[in-house]
Amino acid sequence: MRQVAPRRDPAPSRAAYRLHRLWLTPIFRALLRIGVPTFVFVFSAGAYLSDPENRVELAETVIDLRRSIQERPEFMVQMLAIDGASTDVADDIHEVLAVDFPISSFDLDLIAMRQAVEGLDAVAEAELRIRPGGILNIEVAERQPVAVWRSRQGLDLVDAEGQRVAELHARSERSDLPLIAGQGASDRVAEALAIFAAAEPIADRIRGLLRVGERRWTVVLDRGQQIHLPERDPIAALEQVIALDHAQDLLARDISVVDMRNVRRPTVRINSAALDGLRQVRSVHEGGVVR
Amino acid sequence: MTDLYQTQRAMRNMRRAAIQRGVVAILDVGTSKIACLILKFDGPDKFHDGDGIGSMAGQSAFRVIGAATTRSRGIRFGEIDAMAETERAVRTAVQAAQKMAHVRVDHVIACFSGGQPRSYGLAGEIDLQNTVVTEEDIARVLASSDVPDTGVDRDVMHAQPVNFALDHRSGLADPRGQIGNRLACDIHMLTVDTTVVQNLIHCLKRCDLELAGVASSAYAAGISSLVEDEQELGAACIDMGGGATSLSIFIKKHMIYADSVRLGGCHVTNDIAKGLQIPLAVAERIKTFHGGVVATGMDDREMIEIGSDSGDWEKDRRQISRSELIGIMRPRVEEILEEVRSRLDGAGFEHLPSQQIILTGGCSQIPGLDTLAPKILGQQVRIGRPLRVQGLPQAATGASFASAVGLCLFAAHPQDEWWDFDIPAEGYPARSLRKAVKWFRDNW
């Protein structure tokens, strides 16, 4: 017969019993699970940071770590590539940006750089991009000069919107472009170009366009001739003059000014020599005394 | 009586608070084992699937989430004999149950079979102030009942109104709202030794537990083992425990009598140990494996090795036949049953309309008891098992857990007791104050 011992059923000690009950208390468990780790973490972090040396060290470590990531070769920009710009403009861009490569792409402020590049007169639009392989690519759309503007400051190239493109040292450098002059002329470049287009039949005689009083144009021809155009509808007036010229060789005559400011009453100013001739002819015809 | 009101009401409030918190422990402090069940009250709606039958008499309101049993120590006849030992046993059971339930319990409802319960029938009668019976009238009629001299050091454990009579009509379960002139009531009062209850309270306090209710194990076993019609028509429940056999008589769903015989399964074990000169543990084992109370011819041939470790070969190799074992057990079981019979006779059980007797408790599992018991107790005897409650482990569904399961039902649906009614109005200084208190109680 197998010996029978009473089933082993040890009673927990009072402390074990209380601990077990404490452990089953929900608030205690929550405290232990959340409160204690939080406390330990906050306390140790606080103790560590209370020492200023540690704070500095920590900050340096963070900065070093940051730099070490930023200066990985994947993020380094080695060179600048400029597309769509002439050599002068490219030089200007190099000068404006003044970046010394290699540089981390984190240190490049592309927006500011773009603003700087677009701040150049010759640049209409710029697109900056860091291409794989560490190349800072700048695609530049240059302003196209359409006219030469002579102002008090000198000769400038302007584009169709009147924006200054570049300085010009001599008119002869860009004799292919029409010349405009006068204060405020650059604001109405489009109109000026339209007038030049309309003046195509007398193009070989035109010296330039003069903006007068910031309100109307005067076409300056060679031999000191001028055509004063009205403020409104100057092209029609010019075409009228060209038609007159075509019919009666108006501009070939010895007149100094064709005044079209009042379109309904075109006026012609004759030079003094021609005026004398005219008087002579009149006196002969009328038998009058020549004074 | 105000003292009684206060302690019992305090326990009732604690029970209510525990149920509101959702968890309460059940502790059956027995002589041979201590069982601890942990109940979780989730509310009836959570387990109410579909329409139809509702709350299953309150059983659906709770489920058992932890159960543990331990061999009890330091308890004799269902009373605490060695406080420290008992405390350890309670700690073991409670800790194991808590471990299983993963929840901490603070409130415990306990039952025990000792303390020499005594039943008293009380009667009270009043003239109604108005013709309609109100709750105050019930409180007054309960208060008017004459309390017998229960003797020194006796505490009231249960005091349940079991019957109301209005004028000439008796047998009313709930006379409220009915019309009459005289209201009479019968109360069943059960008293136990004060020291036993105090010891239990003290022991639980040492385990950091609070007593939220206490019941007699006779009562608890009755409400779990008797089916509804037995409770209604009249039946006696005999809870054959280890150290005491408690009996309770139910009629009209009320316990009307409870008593306890201080004999039980431990005495059978003792008899075997003494008769065969073997250790108690071996005797217990032989009793549970081979025991019986009705011998047949085959039992003469069934030999049981009883061995011991005395070192004497002759003694260690002893064998007995099962008939011999039955010969030892049967007289003791007969004695217990005869004692129960005499208690039932004393209580006037034979005058009840239905005389069903239900045997439950660990000792009722002796094979052959269903043959022996009718010879002593009468023809209507059956072996009862406790009701199934939700979540109860298979190991805790046996007859020995009748009072633990009964306590679960008691915790979920306590019967109205005397102290559940308001103290009669005369006790209060002003009517308005009482109204205010009542309003608070009803609404909070």
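Residues numbered from 1 in each chain as written. Chains lettered and ligands numbered in written order. Predicted model: local features only at pLDDT ≥ 70, side-chain atom pairs only at ≥ 80, totals over all residues. Heavy atoms only, no water.

**Examining the overall build of chain A**
The secondary structure content of chain A amounts to 8 helices and 14 strands. Buried residues in chain A amount to 32% of all 291 residues. Put simply, of all contacts in chain A between residues at least 6 apart along the chain, 43% involve residues at least 24 apart. Of the accessible surface of chain A, which amounts to about 18800 Å², a share of 54% is contributed by carbon and sulfur atoms. (Helix = DSSP H or I, 4+ residues; strand = E, 2+ residues; numbered from the N terminus. Buried < 20%, exposed > 50% of the residue type's maximum accessible area, 1.4 Å probe, protein only. Contact = heavy atoms within 4.5 Å. Areas by Shrake-Rupley, 256 points an atom, 1.4 Å probe, with all protein chains shown as cover.)

**Topic: the interface of chain B and chain A**
Listed per partner, the contact involves 29 residues of chain B and 20 residues of chain A. The junction of chain B with chain A conceals about 2200 Å² of combined surface from both sides, 47% of it contributed by carbon and sulfur atoms. Contact with chain A buries surface across chain B, with Arg91(B), Gln95(B) and Arg104(B) losing the most and accounting together for 28% of the total. The interface formed by chain B and chain A holds 9 residue pairs in polar contact (both at pLDDT 80 or more) in total. For the side of chain B that touches chain A, the secondary-structure elements that each account for two or more residues are β3 (62–71), α2 (83–101) and α8 (280–290) of chain B. Element by element, the count of residues in the side of chain B that touches chain A is highest for α2(B), at 8 residues. Taken together, the residues that form the side of chain B that touches chain A break down as 8 nonpolar, 8 polar and 13 charged. (Buried area = accessible area lost by both parts, 1.4 Å probe. Polar contact = N/O pair within 3.5 Å; in protein donor to acceptor, adjacent residues only side chain to side chain. Nonpolar A, V, L, I, M, F, W, Y, C, P; charged D, E, K, R; others polar.)

**Notes on the packing of aromatic side chains**
Two aromatic rings are characterised by how far apart their centres lie and by the angle between their planes. Residues and elements named next belong to chain A. Following the criterion strictly, the structure yields 7 aromatic pairs over all chains and no others. For the pair Phe39 and Phe43, a centre-to-centre distance of 5.6 Å together with 20° between the ring planes defines the contact as stacked. You can see Phe39 and its partner Phe43 sitting in helix α2 (residues 26–49), 4 residues apart, about one turn around the helix. As far as burial versus exposure is concerned, Phe39 and Phe43 are alike and both exposed. Ring centres of Phe75 and Phe106 lie 5.1 Å apart, and the angle between their planes is 75°; this geometry places the pair in the edge-to-face category. Taken together, the positions of Phe75 in the loop between α3 (52–70) and β1 (76–77) and Phe106 in the loop between β3 (103–104) and α5 (110–118) put the pair 31 residues apart, joining distant regions of the chain. Residue classification places Phe75 among the partly exposed residues on the basis of a relative accessible area of 30%. (Phe/Tyr/Trp six-rings, centres within 6.5 Å; stacked < 30°, edge-to-face > 60°.)

**Notes on the sheet that holds strand β9 (residues 169–172) of chain B**
Residue and element names in this part refer to chain B. Pairing is antiparallel in the open sheet, where 4 strands are placed in the order β7-β10-β8-β9. Here the strands that pair on one side only, and so sit at the sheet edges, are β7 (118–127) and β9. Taken over all neighbouring pairs, the strand axes of this sheet differ in orientation by 30° on average, direction set aside. The pairing of strand β8 (residues 154–166) with β9 spans 2 bridges and is classified as antiparallel. The partner of Phe164 across the bridge, within β9, is Leu172. Across the sheet, helix α4 (residues 194–206) touches β8 and β10 (182–193), and the angle it forms with β10 is around 70°. (Pairing = 2+ DSSP bridges. Axes fitted to C-alpha atoms, helices over the stretch in contact; angles between N-to-C directions.)

**Some details on the pattern of salt bridges**
Side-chain pairing between opposite charges can occur once the charged atoms of the two side chains come close. Going through the model one piece at a time under the given rule, you end up with 40 salt bridges over all chains. Its salt-bridge partner being Glu87(B), residue Arg14(A) comes within 2.6 Å of it at the nearest N-O pair. With Arg14(A) in helix α1 (residues 14–24) and Glu87(B) in helix α2, this residue pair bridges two chains. Looking at Glu87(B), the relative accessible area reads 3%, which means it is buried. Where Asp222(A) meets Arg205(A), a salt bridge forms, and the shortest distance between an N and an O atom there is 3.0 Å. Taken together, the positions of Asp222(A) in the loop between β11 (216–221) and β12 (226–228) and Arg205(A) in the loop between α6 (189–198) and β10 (206–212) put the pair 17 residues apart, joining distant regions of the chain. Given the relative accessible area of 16%, Arg205(A) is considered buried. Through salt bridges with shared partners, a single ionic network connects Arg14(A), Glu87(B), Arg91(B) and Arg206(B). (Salt bridge = Lys/Arg side-chain N within 4 Å of Asp/Glu carboxyl O.)

**Observations concerning the environment of Ala274(A)**
Examined against the element boundaries, Ala274(A) turns out to sit in helix α8 (residues 272–286). Put simply, Ala274(A) and Ile255(A) are 19 residues apart on the chain and 7.7 Å apart in space, counted from C-alpha to C-alpha.

**Concerning the side chain of Asp239(B)**
Mapped onto the fold, Asp239(B) is located in strand β12 (residues 235–240). When near neighbours in sequence (up to four residues on either side) are disregarded, Asp239(B) contacts Ser217(B), Ala221(B), Ala244(B), Thr245(B), Ser246(B), Thr360(B), Gly361(B) and Ser403(B).

**As for unusual backbone geometry**
Even without a glycine there, the phi angle at Arg223(A) is positive, about 60°. Position of Arg223(A) among the secondary structure elements: in the loop between β11 and β12. Judged by relative accessible area, Arg223(A) falls into the exposed class, the value being 52%. Here the phi dihedral of Lys253(B) falls at roughly 65°; this positive angle occurs in a residue that is not glycine. Under the relative-accessibility criterion, Lys253(B) is labelled partly exposed at 33%.

**Details of the confidence of the model for chain B**
For residues with low pLDDT, the predicted coordinates do not support detailed interpretation. Residue and element names in this part refer to chain B. Chain-level statistics for chain B give a pLDDT mean of 86 and a share of 93% at 70 or above. Confidence drops under pLDDT 50 across residues 45–54; counting only partners more than four residues distant or on other chains, this segment forms 7 contacts. Across the predicted assembly, pTM comes out at 0.67 and ipTM at 0.76. (pLDDT = per-residue confidence, 0-100.)

**Remarks on α2(B)**
Residues and elements named next belong to chain B. End to end, α2 covers 26 Å across 19 residues, agreeing with the expected 27 Å (1.5 Å per residue, within 8%). Of the residues making up α2, those classed as buried are Thr86, Glu87, Ala89, Val90, Arg91, Thr92, Ala93, Val94, Gln95, Ala97, Gln98 and Ala101. Just past α2, the residue His102 takes up positive phi, approximately 60°. (Expected span 1.5 Å × (residues − 1).)

**Notes on a nonpolar patch on the surface**
Residue and element names in this part refer to chain A. On the surface, a nonpolar cluster with roughly 580 Å² of combined accessible area is contributed by Trp23, Leu32, Val36, Phe39, Val40 and Phe43. Relative to the elements of secondary structure, Leu32 occurs in helix α2. Note on Leu32: relative accessible area 36%, which makes it partly exposed. (Patch = residues over 30% accessible without salt bridge, like charges linked within 9 Å, V, L, I, M, F, W, Y side chains within 5 Å.)

**Looking at the nonpolar core**
Residues and elements named next belong to chain B. Residues Ile238, Ile272, Leu337, Leu344, Leu359 and Leu377 are the most contacted members of the largest nonpolar core, which totals 41 residues. For this core, the secondary structure elements donating two or more residues are β12, β13 (245–251), β14 (254–261), α7 (265–276), α8, α11 (322–347), β17 (356–360) and α12 (369–377). In terms of residues, this core owes the most to one element, α11, which gives 8 residues. Setting aside its immediate chain neighbours within four residues, Leu337 contacts Met240, Leu359, Leu369, Leu372, Ala373, Ile376 and Leu377. (Core = buried A, V, L, I, M, F, W, Y, C linked by side-chain atoms within 4.5 Å.)

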